[in-house]
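These are the residues of each chain, in order.
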Amino acid sequence: MSVNSRILWVDLENSPHVPFFKPIIEELEKHGYRVVITARDCFQVCGLADLYGLPYTRIGRHYGKHKALKVVGAVIRALQMRNTLARPLPSLAIAHGSRSQLLAAKILHIPALQLADYEFSNKMPSFLSSDWIMVPETIPAGLHWRNTSRISTYPGIKEDVYVPTFKPQTGILSELGILEKEIVVTIRPPASEAHYHNPKSDDLFYATVNWLSGIDNLRMVVLPRNSSQAAHIGKTWPALIGEAKMVIPDRVLDGLNLIWHSDLVISGGGTMNREAAALGVPVYSIFKGEIGAVDKYLASTGRLTLLETADDITNKVLIQKWERPSSPDHNPRPALKVIVDKILELV
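Residues numbered from 1 in each chain as written. Predicted model: local features only at pLDDT ≥ 70, side-chain atom pairs only at ≥ 80, totals over all residues. Heavy atoms only, no water.

Undergrad: Account for the overall build of the chain, with residues named and values stated.
TA: Along the backbone of the chain there are 13 helices and 13 strands. In terms of C-alpha radius of gyration, the chain reaches 20 Å, essentially the compact-globule figure of 20 Å for 347 residues. The principal-axis extent of the C-alpha atoms belonging to the chain is close to 65 × 45 × 40 Å. Counting every position in the chain, which comprises 347 residues, the buried fraction comes to 53%. Element-wise, carbon and sulfur atoms account for 52% of the exposed surface of the chain, whose accessible area totals about 15,400 Å². (Helix = DSSP H or I, 4+ residues; strand = E, 2+ residues; numbered from the N terminus. Rg over C-alpha atoms; globule rule 2.2 N^0.38 Å. Buried < 20%, exposed > 50% of the residue type's maximum accessible area, 1.4 Å probe, protein only. Areas by Shrake-Rupley, 256 points an atom, 1.4 Å probe, with all protein chains shown as cover.)

Undergrad: Explain helix α4 (residues 99-108) to me, using residue names and the numbers behind them.
TA: Within α4, seven of the ten residues are buried, which leaves it mostly tucked inside the rest of the structure. Among the residues of α4, S100, Q101, L102, L103, A104, A105 and L108 are the ones counted as buried. Check the buried side of α4 and you find it contacts β1 (3-12), α3 (67-84), β4 (89-95) and β5 (112-115). Positive backbone phi, approximately 60°, marks H109, located one or two places after α4. (Contact = heavy atoms within 4.5 Å.)

Undergrad: Requested: an account of the environment of P16, with residues and values cited.
TA: As for its placement among the helices and strands, P16 is situated in the loop between β1 and α1 (17-30). With a relative accessible area of 16%, P16 lands in the buried category. Taking the C-alpha atoms as reference, P16 lies 9.7 Å from G270; in sequence the two are 254 residues apart. Leaving out residues up to four positions away in the same chain, P16 has contacts with K158 and T271.

Undergrad: Go over the sheet that holds strand β6 (residues 132-136), please, and point to the residues and values.
TA: Taken together, the seven strands give an open sheet; going across it, the order is β3-β2-β1-β4-β5-β6-β7, and neighbouring strands pair in parallel fashion. At either end of the open sheet lies a strand with only one pairing partner, and these are β3 (57-61) and β7 (151-154). When strand polarity is set aside, the average angle formed by the axes of neighbouring strands in this sheet is 25°. Where β5 meets β6, three bridges bridge the pair, whose relative direction is parallel. Looking across to β6, one finds that L115 is bridged to M134. Lying on the sheet, α1 is in contact with β1, β2 (34-41), β4 and β5; it crosses β1 at an angle near 165°. In the packing of helix α13 (residues 335-346) onto the sheet, contacts are made with β1, β4, β5, β6 and β7, and the angle to β7 comes to roughly 150°. (Pairing = 2+ DSSP bridges. Axes fitted to C-alpha atoms, helices over the stretch in contact; angles between N-to-C directions.)

Undergrad: Quick rundown of the pattern of salt bridges? Include the residues and the values.
TA: It is possible for side chains of opposite charge to pair when their charged atoms get near one another. One pass over the structure, following the stated rule, counts 19 salt bridges. With its nearest N and O atoms 2.8 Å apart, the salt bridge here joins E308 to K288. Here E308 is found in the loop between β13 (305-306) and α12 (310-316), whereas its partner K288 is found in the loop between β12 (283-285) and α11 (293-300), with 20 residues between them in sequence. Looking at E308, the relative accessible area reads 41%, which means it is partly exposed. (Salt bridge = Lys/Arg side-chain N within 4 Å of Asp/Glu carboxyl O.)

Undergrad: Can you explain unusual backbone geometry? Please cite residues and give values.
TA: Here the residue pair R87 and P88 is connected by a cis peptide bond, since its omega of 0° sits within 30 degrees of zero. Tracing the backbone shows P88 in the loop between α3 and β4. The backbone phi angle of F43 is positive, close to 55°, even though this residue is not glycine. Assignment of secondary structure puts F43 in the loop between β2 and α2 (45-51). In this structure F43 comes out as buried when scored by relative accessible area, which is 18%. Notably, H109 is not glycine yet its phi reads approximately 60°, a positive angle. With respect to the helices and strands, H109 occurs in the loop between α4 and β5.

As structure tokens, then:
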């Protein structure tokens, strides 16, 4: 099959991949490469890609939480990718943990670079291992990946790739019906359909909402991961939603902008926690799976507080207005350049 060395392929499989890859794509285009983008239709991926102005081809969806369905879904999506990619083929496939893209790349004989920042995610079988892997330098790569000669690292965390270019937009709180004087707590429920999900995270989520519901002058903005989770939350706390103590946005929001205008963040997932940490917003994790090296690093430096029990919620979470700087820290961080340089080296 014909291959064009000036064409690269980026797959967006989960919502955090959209802001992460946008500056990478822009830098690659500055170097004269054409980037083909595919996106999975789940977890607001396509909505965020539209919000960020990324052109993409919609391929595949989510097939549920059961392992067998995940495997079937990955294979189906890989075959759809194989049949959809235009010729000539790209010279390199790039993604952040996309199993479907990796399988499709193997079928099409396209070299693949996979990025990762959570070392406890399900590993690929050896015949599907990526040609190259990039991880944050805080992860002890030799303990988690077989062939360390194929592993590169970048400084900082993946959120350092895009947070320096973030520019806040005013008006998001008023759009949600929230007053500036109110304490805003943004909450991301646990990823209940992820393979690494621990039900104890759900217990902490329920305890968090129930505790915050009794605090005056406070509003919760809850960001469900999908429609079924939103429906469950609506059935569990109808009174809180009815009185607007809890707000569930009815459209896709710029997560960074919401975090910036929040006074604190409480999340059962990694990316929102790390985005808040990168912005300097007070953030608390209710994630109860195996804690990855990146979160341990952030916790050790005081940028993230890990909540272990319901008592931790009331004892460690500080409910107060955040003294927001006039603007985010726009100083460049080396992660973006290191990742782009590695891609250019590979192609």
